[in-house]
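The residues making up each chain are set out below.
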Amino acid sequence: MTETAKKEGAKDGERIAKRLARAGLCSRRDAERWIAEGRVMVNGRILDTPAVVVGEADRIVVDGKPLAAPERTRLWLFHKKRGLMTTHRDPQGRPTVFESLPEDMPRVISVGRLDFNSEGLLLLTNDGALARRLELPSTGWLRRYRVRVHGQVVEQLLARLAQGITIEGVSYGAIQASVERQKGDNAWLLIGLREGKNREIRRVMEHLGYPVSRLIRVAYGPFQLGSLLEGEVKEVPGKVLAEQMGEKPARQSKGQDRGQDKAEAKSGEQKRSRPEGRLTLQGKPEAKAGPGKTAKRPRPMRPHNPERPQSPGRPQNPGRSQNAGRPQSPGRPKPRRQD
């Protein structure tokens, strides 16, 4: 094994299970099982432990086939409907989120979970590190829900949740809750939280005496459910994802870059060459002609020619006498015209 594939503790590279998961072959747990079964080789040597760090130069083979390069980090928005488990396998055989995804989707994992009877926005990604980062409360992203409960809601009780609450020894962080509308014995609440423990909203509302009959997640941080239909999947553009994560957007392939640059350049040329209105020689935009009329062309200005004689009776410089500055004889009478 080369210097780049070492026991845990190496600064460069990543764990072998993580590399297999990023390549889209399996989950980390499955990768550890594959290693125990002797299905993974690194630099010609069969691994017997997942505590191995691999680098870019290491040759990884799974079931006799070279491991493909890891795909770029991607994120999708998915509108989960009720009656789906947020898991890859369900021991009870219930339908799962991942079974309902399009066939052309790569292998993905969920960012957090939604209960079997919960619905709404679920984030999916092909990068486990990104999923963990988005799940952490320290990320600070607010998750917003619309929740239908049974009972006459007292808003003072909801206001106390902003200080957090402890139920049966489990502490829950601050929860933002308000009444959207009360209709009969049911009410719709708007709830926001940043922690998101297992069945948190249902347990807290039931503790207050308001059992939940419907729960819809409408936003996860900056990502909105919007008009996404049930079962629909929409990928977040890489540039948007990088901006939201505070990172520099990764450039695409050179061919894609050149095509995009040409398209932007062509668009810019069209914008620059598009006349905003023809200019006259005075630098002012020419007035547009009305219906059935033709706009008048500006009269061209003749170049100044000092040798060209001026019209009789018109001074060369209007507003100033031709004799300006010439001294006049004092007291000299103006000659009379003789008939």
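We now turn to the structure provided with this report. Quantities reported herein were computed from a predicted structural model and do not represent experimental measurements.

Across soluble globular proteins, nonpolar side chains have a tendency to be buried as a group. In terms of nonpolar packing, the biggest core is built from 22 residues, with Val149, Leu161, Ile191 and Met205 touching the most fellow members. Where this core is concerned, the elements lending two or more residues are strand 11 (143-150), strand 12 (165-167), strand 14 (175-183), strand 15 (186-193), helix 5 (200-207) and strand 16 (212-220). Tallying contributions element by element places strand 15 first for this core, with 4 residues. Leaving out residues up to four positions away in the same chain, Leu161 has contacts with Gly173, Ala174, Ile175, Ala177, Val204, Met205 and Leu208. Listed in part, the 18 residues of the second largest apolar core include Leu77, Trp141, Leu225 and Leu241.

Space inside the largest pocket adds up to approximately 1,200 Å³. Lining the largest pocket are 45 residues, and of these Thr86, Ser110, Gly112, Arg113 and Glu135 sit closest to its centre. Listed by contribution, the elements that provide at least two residues to the lining of the largest pocket are helix 1 (16-22), helix 2 (28-36), strand 9 (109-111), helix 3 (128-135), strand 11, helix 5 and strand 16. Top element by residues in the lining of the largest pocket is helix 3. It accounts for 5 residues. Per-class residue counts for the lining of the largest pocket are 14 nonpolar, 13 polar and 18 charged.

Residues Arg143, Tyr145, Val147 and Val149 line the buried face of strand 11, whereas the alternating positions Arg144, Arg146, Arg148 and His150 sit on a face that is not buried. In the sheet, strand 11 pairs with strand 15 via 8 bridges, with the strands oriented antiparallel. Counterpart to Arg148 in the pairing with strand 15 is Trp188.

Once that is clear, we can look at helix 5. Residues Glu200, Ile201, Arg202, Val204 and Met205 constitute the buried set of helix 5. Gly209 lies just past helix 5 and shows a positive phi near 95°.

Right, let's get into the pattern of salt bridges. In the structure shown here, the tally under the stated rule is 15 salt bridges. Put simply, Arg74 and Glu235 hold a salt bridge, and the shortest N to O gap is 2.8 Å. One end of the pair, Arg74, is in the loop between strand 7 (65-66) and strand 8 (75-80); the other, Glu235, is in strand 18 (residues 233-235), with 161 residues separating them in the sequence. Across the pair Arg146 and Glu180 runs a salt bridge, and its minimum N-O distance is 3.0 Å. Placement of Arg146 in strand 11 and of Glu180 in strand 14 is noted, with a sequence separation of 34 residues between them. Among the ionic contacts, a cluster of salt bridges with common partners joins Asp30, Arg33, Glu37, Arg39, Asp63 and Arg89.

For the structure on display, the rule yields 1 aromatic pair. The residue whose ring lies beneath Arg94 is Phe116, and the NZ or CZ to ring-centre distance is 5.3 Å. Above the face of the Tyr172 ring, Lys197 is positioned so that its terminal group lies 5.6 Å from the ring centre.

What counts and how
- Residues numbered from 1 in each chain as written.
- Predicted model: local features only at pLDDT ≥ 70, side-chain atom pairs only at ≥ 80, totals over all residues.
- Heavy atoms only, no water.
- Core = buried A, V, L, I, M, F, W, Y, C linked by side-chain atoms within 4.5 Å.
- Buried < 20%, exposed > 50% of the residue type's maximum accessible area, 1.4 Å probe, protein only.
- Helix = DSSP H or I, 4+ residues; strand = E, 2+ residues; numbered from the N terminus.
- Contact = heavy atoms within 4.5 Å.
- 1 Å grid on protein atoms, 1.4 Å probe; cavity = no way out; pocket = protein on both sides within 12 Å on 5 of 7 lines; lining within 4 Å.
- Points joined across faces, edges and corners; volume = space filled by probe spheres on them.
- Nonpolar A, V, L, I, M, F, W, Y, C, P; charged D, E, K, R; others polar.
- Pairing = 2+ DSSP bridges.
- Salt bridge = Lys/Arg side-chain N within 4 Å of Asp/Glu carboxyl O.
- Phe/Tyr/Trp six-rings, centres within 6.5 Å; stacked < 30°, edge-to-face > 60°.
- Lys NZ or Arg CZ within 6 Å of the ring centre and 35° of its normal.

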